[in-house]
Amino acid sequence: MGILDLGRYKGIVFAITGFLVFIAIILAVNHGKAGGFSDNVAGVRFLENQAVLPHAVYDASVQLAQRLQNGEKVDDALESLRKAATTFDRSLNSLANGGMITDSSGDIIVLPSMTEPEAVAQLKNGSKLWDGYKAKLDPILRFSGSPYVTAQPAPAPAPAPAPAANGKNAAPAVAAPPPAAPTIQLSPRGRRLQTALTDLTQYGNTVHGQLSKVLTDLSIQVEANSRKQTDTLRYIQVGGMAAALLLLGAIFLFFTRNLRKEEASANRQRKETQDILRTVNEGLFLLDKDLKLGSERSMALNNIFRREEFLDLTFDKLLKDIVPEKTLRTAMDYVALLWGERVNEKLVKTINPLNEVEVHFDNPAGGFDTHFLEFDFNRVKSEGSLSHLLVTVNDVTKRVMLSRELQESQEKAQAQLDLLLRILHVEPDSLTSFLTDADVSLKMVNSILKEPAREESAFRAKIDGIYRQVHAVKGEAAALGLKTVEQRAHAFEESLNDLKGRQSLSGSDFLPLVVKLDDLFNHLAQVREMLSRLVDLHHAIATRRTAGSEVGAEKVDQWLAGQDQTQITKAIIPPPDLGETTGAVGGLERTLEDLAARVASSQSKQVNLRCAGLEGVPESYRRAVKDITIQLVRNAVVHGIEEPGERAKANKAAAGALAVEFTPRGTDGYELIVQDDGRGLQLERIKEVAVERGLITPAQAALLDPRQTMALIFRPGFSTADRVTTDAGRGAGMDLVRILVAELGGRVGLASAGGKFSKFKIWLPATQSAVAA
Amino acid sequence: MMTKVELETFVEGTTHYFATAANQPASVGSPYIVQEGKPTIQEFTGMISIAGKRRGIVYFTASRPMLTVMLMRMGETELTQENMCDLVGEVANTISGNARRDFGKDFMISVPTVVAGEPEKIVTPDNIRSFVIPINWRSHSAQLVVCLE
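Note that the structure is a prediction, hence the values are computed from the model and not measured.

*Asks:* Help me get a handle on the interface of chain B and chain A, residues and values and all.
*Replies:* The figure often quoted for interface size is the accessible area lost as the parts come together. With 35 residues of chain B in contact, the opposing surface of chain A contributes 35 residues. Interface of chain B and chain A: buried area, both sides summed, is about 2,800 Å²; carbon and sulfur atoms make up 62% of it. Applying the counting criterion to the chain B and chain A interface returns 2 salt bridges. A salt bridge links R129(B) to D518(A); the shortest N-O distance between them is 2.7 Å. Linking chain B with chain A are 9 residue pairs in polar contact (both at pLDDT 80 or more).

Dropping the structure here:
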């Protein structure tokens with residue numbers, strides 16, 4: 001701000017300056033006027049003194065005349081007259097011209113100039129009189145020398161004799177008469193002087209009084225002037241003071257009014273600002289360069305940050321307790337960036353990391369309340385430089401939650417659509433059955449995990465049990481083509497395999513298992529939810545159809561009815577009762593067919609599966625038969641059936657024949673046969689693999705007969721597959737078959753002819769119900 | 001989805017406490033999942049709440065006999081309820097410290113709270129499975145429960 005750039009103070013500065021100038025003028029006038037007083041007083045005194053001078057001149061002239069008369073010395077009288085006349089003459093000239101004169105004490109007196117007409121007239125009159133006087137004085141004053149002539153008197157007569165004769169004591173003789181004094185006579189000049197004196201005294205007798213009066217009058221006039229000046233000064237003083245007071249009052253009133261106006265305006269603005277800050281929904285505050293919050297802020301800030309006190313608060317302290325450290329650091333870096341002088345604000349705004357920041361407030365009841373805040377920063381410039389950051393904060397929790405829900409919903413919908421597309425290919429009864437069985441299996445896994453374990457042996461004992469359950473889930477998922485479940489189960493198996501290979505085991509090693517188990521639970525829940533929705537959809541369609549609406553969504557209907565798509569008709573099909581399990585075995589056939597086809601496809605093979613008697617599987621064996629057949633069918637396709645080229649060389653049909661037969665044998669129980677026309681068991685290969693995997697030693701291998709060799713395939717960890725895939729490789733499948741059969745109290749028989757066939761024959765004991773029947 | 005690393009962090013926090021403060025290491029039992037209902041809650045529970053990348057609670061719950069022995073091992077003569085509360089609180093604090101160290105940048109972790117009895121005060125998020133990790137120490141068994149979304 002320049003020195004003359006007074007802004008809003010311009011008025012008051014000018015007013016006060018004017019007032020001071022006015023006072024200065026008054027004082028100057030006062031001083032000037034007061035300075036004349038002393039001159040006036042001196043003038044009056046001077047005039048009073050001069051008033052006696054005409055008398056002095058007259059007296060001096062009379063005295064001179066008398067001396068001349070008496071023949072006395074006239075020099076001193078003449079000098080007195082000259083001095084008086086000269087003084088009066090000078091004084092009168094000074095009065096007429098207003099000059100300066102030195103008084104008898106040597107002080108210089110400035111004579112007041114007589115400018116008034118009356119004074120001028122008097123002075124003129126006085127001058128005139130004095131001029132006449134002076135004309136008569138001049139010959140006298142010019143006189144010098146002696147006015148007398150000296151003449152010796154005549155000798156005196158002889159003195160008379162002494163009267164002695166006349167008495168004894170005659171008086172001494174009379175003294176001789178004193179010599180006669182010389183006679184003093186006026187010289188002609190003396191006579192002329194005497195004549196001039198006579199003329200002067202006569203004139204002076206009448207004039208000196210007038211001259212004295214003139215001076216006295218002038219003195220009175222000067223005195224009167226002085227009084228007038230005093231009065232004028234008083235008026236000036238009083239008037240000046242009054243004017244000053246008026247001016248001061250006016251200034252006071254003007255500025256009081258202005259101040260009131262400004263105050264009212266400021267109050268109104270403040271109130272408006274306060275109203276805005278109180279009402280606005282956004283949190284508003286300013287940040288200074290030290291990142292301290294300004295004193296003014298919106299009330300919404302209290303609610304947003306759940307605090308009342310913001311005094312001396314810095315931005316990092318504001319955020320410190322409600323955001324993770326990483327977020328805080330990012331926020332502070334960003335704000336620091338905003339303070340840079342050469343910053344493109346628009347560009348920087350696009351990278352604002354706080355435009356949707358998750359904050360957590362302590363909940364008095366425990367835990368946290370999570371909110372989402374949106375921070376917006378605007379750079380505030382003052383006089384060309386950055387002075388503050390204006391921060392706007394909004395609680396956008398609802399918006400973010402809605403957006404996230406929408407996103408999650410979309411993602412979920414997408415995932416469900418993928419899942420839907422997968423499960424639409426699965427026969428519904430099979431899917432329901434799978435979900436039930438898988439749930440049981442996974443709960444079994446959890447139960448196994450839950451069994452207390454402290455020793456390593458206890459931990460190790462869990463692995464095989466878990467393995468079997470997971471493998472069964474994987475097998476059935478694979479059979480149904482539920483790739484997502486199969487992959488998860490496969491990953492679970494990999495973790496188990498990793499544990500098997502460890503030297504020591506503890507509970508910590510099982511942590512990955514529970515995580516994967518949780519994932520499987522979650523995924524199966526999604527599949528179940530999807531199935532449930534499909535059922536709901538079916539019921540909705542059925543309801544509409546009953547009401548006479550158009551036939552639609554037959555695919556869903558047929559899928560739920562378990563019909564083959566090739567048999568789709570436009571017939572209205574009553575909705576099946578999904579609670580029943582009558583279709584479970586039919587579902588198994590379809591599952592096995594799908595499994596065989598899928599595995600064959602992945603192995604570039606062809607296979608024809610024939611199922612028989614599966615509808616006769618008792619309920620108590622249903623799960624086990626399903627798991628067993630799944631394993632055996634998969635093994636048959638992977639290991640037994642050859643590729644079409646190889647089969648052609650062996651004069652076999654391109655498609656391998658695979659048969660699954662379940663036959664009741666009365667009180668002898670049941671017989672399950674799974675047979676294929678593939679390459680049969682390769683005994684030498686089985687021995688090699690068993691030796692490679694450390695199941696037997698080479699020496700033992702050499703001693704094994706064919707039956708013992710075939711039995712090796714039921715050993716845990718045996719597999720002739722070259723690599724681990726989701727279809728084969730870990731050697732868990734046949735072990736699972738052996739365990740399942742053993743758990744049911746059955747037996748497994750195996751027959752095989754190299755290059756011709758493999759046949760698994762499983763006897764299961766009669767169930768209680770069958771025995772009772 | 002819960003990750004193995006997250007679980008390990010909580011478990012390490014707990015076992016670290018036993019190794020350093022209780023003068024005898026604890027072993028980790030076989031972990032399992034609680035799907036329905038509340039996980040085990042014993043007489044004393046130290047709990048922390050977590051928000052941020054994950055949301056929920058983690059608590060350590062132990063029986064009075066176990067805490068009594070722990071206090072004795074630690075040279076504490078006053079086997080009061082208050083000291084037992086302090087003990088589970090310290091375990092929870094150690095878990096919290098470990099979690100802060102490993103996930104501090106992403107998580108908000110509350111100060112520990114202690115509950116003696118009163119299982120209703122421990123509120124787990126709805127529809128979330130809890131991971132229960134038994135912490136075996138001497139002949140006793142406490143539980144570390146992780147229930148996070």
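*Asks:* Can you lay out the packing of aromatic side chains for me, pointing to particular residues and giving the numbers?
*Replies:* If you walk through the whole model with that rule in mind, you get 17 aromatic pairs over all chains. Centroid distance F18(B) to W137(B): 6.0 Å. Interplanar angle 45 degrees. Geometry classified as tilted. One end of the pair, F18(B), is in helix 1 (residues 4-20); the other, W137(B), is in strand 7 (residues 130-137), and 119 residues separate them in sequence. Residue W137(B) is classed as buried on the basis of its relative accessible area of 0%. A connected cluster of aromatic rings, assembled from ring pairs, spans F285(A), F305(A), F315(A), Y334(A), F375(A) and F377(A). Directly above the aromatic system of W137(B) lies the positively charged group of R138(B), at a separation of 5.6 Å from the ring centroid.

*Asks:* Break down the layout of surface pockets for me, with residues and values.
*Replies:* Roughly 1,400 Å³ of volume is contained in the largest pocket. Lining the largest pocket are 32 residues, with E408(A), N522(A), N127(B), I128(B) and E149(B) positioned closest to its centre. For the lining of the largest pocket, the secondary structure elements donating two or more residues are helix 10 (397-423), helix 11 (428-450) and helix 14 (511-546) of chain A. Per-element accounting of the lining of the largest pocket gives the leading share, 8 residues, to helix 14 of chain A. Grouping the amino acids of the lining of the largest pocket by side-chain chemistry returns 8 nonpolar, 5 polar and 19 charged.

*Asks:* Before we move on, could you go through helix 22 (residues 733-743) of chain A and cite the residues and values that matter?
*Replies:* Residues and elements named next belong to chain A. Counting buried positions over the 11 residues of helix 22 gives 8, a clear majority of the element. For helix 22, every residue scored as buried is listed here: G733, M734, D735, L736, V737, I739, L740 and V741. Tucked into the core, helix 22 has its buried residues touching helix 12 (456-480), helix 17 (619-640), strand 13 (747-753) and strand 14 (757-764).

*Asks:* Can you explain the pattern of salt bridges? Please cite residues and give values.
*Replies:* Summed over all chains, the structure comprises 39 salt bridges over all chains. Across the salt bridge formed by R679(A) and E646(A), the nearest N and O atoms sit 3.4 Å from each other. Remark: E646(A) occurs in helix 18 (residues 644-649) and R679(A) occurs in the loop between strand 12 (670-676) and helix 19 (683-692); sequence separation between them is 33 residues. Two residues, E43(B) and R64(B), come together in a salt bridge whose shortest N-O distance is 3.6 Å. Placement of the pair is E43(B) in the loop between strand 2 (32-34) and strand 3 (44-52) and R64(B) in helix 2 (residues 64-73), with a sequence separation of 21 residues. By relative accessible area, R64(B) is classed as partly exposed at 33%. Here the salt bridges do not stand alone but share partners, grouping D437(A), E476(A), E619(A), R622(A), R623(A), K626(A) and D627(A) into one network.

Thresholds applied
- Residues numbered from 1 in each chain as written.
- Chains lettered and ligands numbered in written order.
- Predicted model: local features only at pLDDT ≥ 70, side-chain atom pairs only at ≥ 80, totals over all residues.
- Heavy atoms only, no water.
- Contact = heavy atoms within 4.5 Å.
- Buried area = accessible area lost by both parts, 1.4 Å probe.
- Salt bridge = Lys/Arg side-chain N within 4 Å of Asp/Glu carboxyl O.
- Polar contact = N/O pair within 3.5 Å; in protein donor to acceptor, adjacent residues only side chain to side chain.
- Phe/Tyr/Trp six-rings, centres within 6.5 Å; stacked < 30°, edge-to-face > 60°.
- Helix = DSSP H or I, 4+ residues; strand = E, 2+ residues; numbered from the N terminus.
- Buried < 20%, exposed > 50% of the residue type's maximum accessible area, 1.4 Å probe, protein only.
- Lys NZ or Arg CZ within 6 Å of the ring centre and 35° of its normal.
- 1 Å grid on protein atoms, 1.4 Å probe; cavity = no way out; pocket = protein on both sides within 12 Å on 5 of 7 lines; lining within 4 Å.
- Points joined across faces, edges and corners; volume = space filled by probe spheres on them.
- Nonpolar A, V, L, I, M, F, W, Y, C, P; charged D, E, K, R; others polar.

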